[in-house]
Amino acid sequence: MHSLRSRSPLLPAAALAVAVLVSGCGGQSTTASTASASPAAATAAASPSPALTITDPWIKTGGKGMTAAFGTLVNNTDAELTVVSGTSPLSPTVELHEVVDSGGKMVMRPKKGGFVVPAHGSHQLAPGGDHIMLMGVTGKVEPGAEVPFTLTLADGSTLQFTAIGKDFAGGKENYQPGEGKH
């Protein structure tokens, strides 16, 4: 479980490890609240009404170049929330993308306005649809790898979470240069 809070550096590796252990390895659910960024934040983030959560965050395995992260964003508030950007130490360039039909061809492009998560609703990030795109990936993503992310919302708050590396070969998605339009 990770915190939704004002802009700040990524959690230290030790705090991330504690948070991942607390949230479990399998069907990981990561929550957001206004807790501080300390190992105790994992406990504080379990508050009854976190604003934003991400369930089952994962990242496609692969080498250097491009890859993408997925999961389901869940809004637990009475107002819509908008994710406007993302960062990860794995990549200097992280963009919010969508896949759309353009003249009978499926193409990836930046998602104008970001990901809007309706009040008390969810927004799925999935292969062939909306996703978090990483370009210029600086290392190989192995199965089981733990990759930290920070998503920034329109109000300036952030959601920190860890995506788990998973092999995925379906749907002809290939997040590599020269494969489709950006």
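Treat the numbers as computed from the prediction; the structure is a model and nothing was measured. (Residues numbered from 1 in each chain as written. Predicted model: local features only at pLDDT ≥ 70, side-chain atom pairs only at ≥ 80, totals over all residues. Heavy atoms only, no water.)

Student: How do you make sense of the pairing of strand E3 (residues 52-60) when you look at a structure like this?
Tutor: Taken residue by residue, a regular strand's side chains alternate between the two faces of the sheet. Summarising burial for E3: 7 of the 9 residues are buried, a large majority. The sheet contact formed by E3 and strand E4 (residues 65-75) spans 6 bridges and is antiparallel. Bridging across to E4, Leu52 finds its partner in Asn75. Taking the residues that link successive antiparallel strands as the turn, the E3-E4 hairpin has 4 residues. (Buried < 20%, exposed > 50% of the residue type's maximum accessible area, 1.4 Å probe, protein only. Helix = DSSP H or I, 4+ residues; strand = E, 2+ residues; numbered from the N terminus. Pairing = 2+ DSSP bridges.)

Student: Explain the pattern of salt bridges to me, please; I cannot follow it from the model alone.
Tutor: Should the charged atoms of two oppositely charged side chains come close, the side chains can pair. Under the defined criterion, the tally for this structure stands at 4 salt bridges. A salt bridge links Lys111 to Asp130; the shortest N-O distance between them is 3.2 Å. With Lys111 in the loop between strand E7 (105-110) and strand E8 (115-117) and Asp130 in the loop between strand E9 (122-125) and strand E10 (131-137), this pair connects stretches of sequence that are 19 residues apart. (Salt bridge = Lys/Arg side-chain N within 4 Å of Asp/Glu carboxyl O.)

Student: It is not clear to me how unusual backbone geometry should be interpreted in this structure. Could you clarify?
Tutor: Phi is mostly negative for residues that are not glycine, and the peptide bonds are mostly trans. You will see that Asp56, though not glycine, has its phi angle at about 50°, which is positive. Along the polypeptide, Asp56 turns up in strand E3. For Asp56, a relative accessible area of 39% puts it in the partly exposed group. Even without glycine at this site, His120 takes up a positive phi of about 50°. By the secondary structure assignment, His120 is in the loop between E8 and E9.

Student: Is there a simple way to explain the packing of aromatic side chains in this structure?
Tutor: Centre-to-centre distance and the angle between the planes together describe a pair of aromatic rings. Scanning the entire structure with this criterion turns up 3 aromatic pairs. An angle of 35° between the planes, with centres 4.6 Å apart, marks the rings of Trp58 and Phe70 as tilted. Taken together, the positions of Trp58 in strand E3 and Phe70 in strand E4 put the pair 12 residues apart, joining distant regions of the chain. Accessibility classification places Trp58 together with Phe70 in one group, the buried group. When the centroid spacing of 5.7 Å and the interplanar angle of 55° are considered together, the rings of Trp58 and Phe168 count as tilted. Pair noted here: Trp58 is in strand E3 and Phe168 is in the segment after strand E12 (158-166), with a separation of 110 residues, a long-range link. Cluster of aromatic residues (ring-pair linked, three or more members): Trp58, Phe70 and Phe168. (Phe/Tyr/Trp six-rings, centres within 6.5 Å; stacked < 30°, edge-to-face > 60°.)

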